[in-house]
Amino acid sequence: MEDAEMEAQTENGRRAYDPDADHAFPDEKLNEVLEFIHNDEEIQAYLDAQNVNAVTRKGYNDHGRKHIEIVRNRALLLYDLLKRGGVEFNGAADEGLDEADESVIVAFAATLHDIGHIVHRDDHSYYSIPLASDILDRVLPNFYDVENTVRMKGEILHAILCHHTEEDPLTTEAGVIRVSDALDMEHGRSRIPYEKGGRGINTVSSQAIKKVSLRQGDTVPVLVEIEMLNAAGVYQVDNLLKAKLHGSGLEDDIRIVALNVREGSDHIVERVEL
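Everything quoted here is computed from the prediction, not taken from an experiment.

Caption draft 1: View of the nonpolar core. Formed by 66 residues in total, the largest nonpolar core has its most connected members in F108, I156, V224, I226 and I254. With nine residues, helix α5 (residues 65-84) is the largest single contributor of residues to this core. If we skip the residues at most four places from it in the chain, F108 touches V33, I37, L136, V139, L140 and I156.

Put into structure tokens, the structure is as follows:
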């Protein structure tokens, strides 16, 4: 896939992993899994319900179906770019699983990482584990035998648990989920709380982010470019994304550049680079 095509897939309005595109990894099993997820009523019900505590009751940014779609798409784009850059993935490999299972781990973990919100926003990553475990017990046998179901389940749950900074990822797949969760930072994510009058730092800083693009880097496998409308966006970059990148295992593989793109000469912050 050309750089221009990869960048276009992360533009507002598309943001989509394309199953028909050429990828740097075997994608047939992934595409089957994505279709299953899309048509699974229980999974889709969780993605809707998990926004009640997060947004309706706590006033946080979106953690529902749209957030999951964006995180999963960016996780798969990030995974593809890292594979093109020669980065080795150890999650599936350590378990004796196939290369094709790496992207399946990423897809399932991205989809289920926030379902713990139906219990409570606080410590939701820990509540996500038993809920996701039940779903995986039902779903994975459609694609794996008993032994590989157990191994896949462990790797997916590990990636889910480590999407927050309290736990360190032990696999590259988990690192991808951790970073991708923070890459959903554009203004659209804070639309619901902002329209309801929310002006907390998460909402205001998210409103300041115009666009996030992923592409192949010159000196590292992945370049993340972030366009900010004002200095409030620095909070998303420096406090949230930086915290997720630190300890992800991908610090040397991802370069992050944030630019203030609003016209004028009174910028407090012109450029931030991680």
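Caption draft 2: Layout of the environment of H63. Tracing the backbone shows H63 in the loop between α4 (51-57) and α5. For H63, a relative accessible area of 7% translates into the label buried. For H63 and D114, which are 51 residues apart along the polypeptide, the C-alpha to C-alpha distance reads 7.0 Å. Polar side-chain contacts of H63 include one of 3.1 Å to the side chain of R121.

Caption draft 3: The arrangement of the confidence of the model for the protein in detail. Confidence in the prediction for the protein averages 86 pLDDT; 81% of positions are at 70 or higher. A low-confidence stretch, residues 4-14 (pLDDT under 50), is modelled with 30 contacts involving residues beyond four sequence positions or located in other chains. The low-confidence segment residues 189-201, where pLDDT is below 50, has 26 contacts with residues more than four positions distant or belonging to other chains.

Caption draft 4: Molecular detail of the side chain of D184. The residue D184 is located in the loop between α10 (172-182) and α11 (191-195) in this model. A polar side-chain atom of D184 sits 2.6 Å from a polar atom in the side chain of H67.

Caption draft 5: Spatial organisation of unusual backbone geometry. You will see that D123, though not glycine, has its phi angle at about 55°, which is positive. When you line up the elements, D123 lands in the loop between α7 (100-112) and α8 (124-139).

Caption draft 6: Looking closely at the environment of A54. You can see A54 is positioned in helix α4. Of the residues examined, A54 reaches a relative accessible area of 0% and is grouped as buried. As a C-alpha pair, A54 and D122 span 68 residues in sequence and 9.2 Å in three-dimensional space. Look past the residues within four positions of A54 in its chain and what remains in contact with it is G59, Y60, H63 and H117.

Caption draft 7: Summary view of the packing of aromatic side chains. Counting across every chain of the model gives three aromatic pairs. Seen in terms of ring centroids, F36 and F143 are 5.7 Å apart; in terms of plane orientation they differ by 75°. Their pairing is edge-to-face. Linking F36 in helix α2 (residues 28-39) with F143 in the loop between α8 and α9 (146-161), this pair joins segments that are 107 residues apart in sequence. A residue is classified by how much of its surface remains accessible, and F36, at 25% relative accessible area, is partly exposed.

Definitions and cut-offs
- Residues numbered from 1 in each chain as written.
- Predicted model: local features only at pLDDT ≥ 70, side-chain atom pairs only at ≥ 80, totals over all residues.
- Heavy atoms only, no water.
- Core = buried A, V, L, I, M, F, W, Y, C linked by side-chain atoms within 4.5 Å.
- Buried < 20%, exposed > 50% of the residue type's maximum accessible area, 1.4 Å probe, protein only.
- Helix = DSSP H or I, 4+ residues; strand = E, 2+ residues; numbered from the N terminus.
- Contact = heavy atoms within 4.5 Å.
- Polar contact = N/O pair within 3.5 Å; in protein donor to acceptor, adjacent residues only side chain to side chain.
- pLDDT = per-residue confidence, 0-100.
- Phe/Tyr/Trp six-rings, centres within 6.5 Å; stacked < 30°, edge-to-face > 60°.

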